[in-house]
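Architecture and fold: a report
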Amino acid sequence: MNSITYLVINTVTNFIQIYLVLIFVRILLSWFQTAEWAGNVISFLAPITDPYLNIFRSFIPPLGGIDFSAILAIFVLQLIPQLLISLVGVV
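Owing to the predicted nature of the structure, the values given are computational and were not obtained by experimental measurement.

Description of the pattern of salt bridges
Throughout the structure, instances matching the rule amount to three salt bridges. In this structure, Arg 26 engages Asp 50 in a salt bridge whose closest nitrogen and oxygen atoms are separated by 3.2 Å. Pair noted here: Arg 26 is in helix 1 (residues 3–29) and Asp 50 is in helix 2 (residues 36–57), with a separation of 24 residues, a long-range link. With respect to burial, Arg 26 and Asp 50 carry one shared label: buried. Between Asp 50 and Arg 57 there is a salt bridge whose closest N-O contact spans 3.6 Å. Here Asp 50 falls in the buried class, since its relative accessible area comes to 15%. One connected set of salt bridges, linked through shared partners, spans Arg 26, Asp 50, Arg 57 and Asp 67.

As for the confidence of the model for the protein
When the pLDDT values of the protein are averaged, the result is 88; 97% of them are 70 or greater. Averaged pLDDT values for the elements of the protein fall to 88 in helix 3 (residues 69–90) and rise to 92 in helix 1.

Things to note about the packing of aromatic side chains
Counted by the stated rule, this structure contains four aromatic pairs. With 5.9 Å between their ring centres and 55° between their planes, Phe 56 and Phe 59 make a pair best called tilted. What makes Phe 59 exposed here is its relative accessible area of 52%. What links up through ring pairs into an aromatic cluster is the set Phe 15, Tyr 19, Tyr 52, Phe 56 and Phe 59.

Each value, and the rule that gives it
- Residues numbered from 1 in each chain as written.
- Predicted model: local features only at pLDDT ≥ 70, side-chain atom pairs only at ≥ 80, totals over all residues.
- Heavy atoms only, no water.
- Salt bridge = Lys/Arg side-chain N within 4 Å of Asp/Glu carboxyl O.
- Helix = DSSP H or I, 4+ residues; strand = E, 2+ residues; numbered from the N terminus.
- Buried < 20%, exposed > 50% of the residue type's maximum accessible area, 1.4 Å probe, protein only.
- pLDDT = per-residue confidence, 0-100.
- Phe/Tyr/Trp six-rings, centres within 6.5 Å; stacked < 30°, edge-to-face > 60°.

Here it is in structure tokens:
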């Protein structure tokens, strides 16, 4: 693996890790929507995280008021770096 490929994979992996933290914060704060401070943070994070989460919400409806689509969204995000590394390793 050359240095440019390593740099791209490392950058994508770091971006995904940061995005995962934002998604986790968004999910956790959704439990505290009545708190004013949580609403402010959610209104900041929603435009960043909801477009990605909405992809999974479109085919996994909430069950009993619980949104399980976020679990699949997180799982897919965690697979991307592994897929990139395996694809580059094969080439």
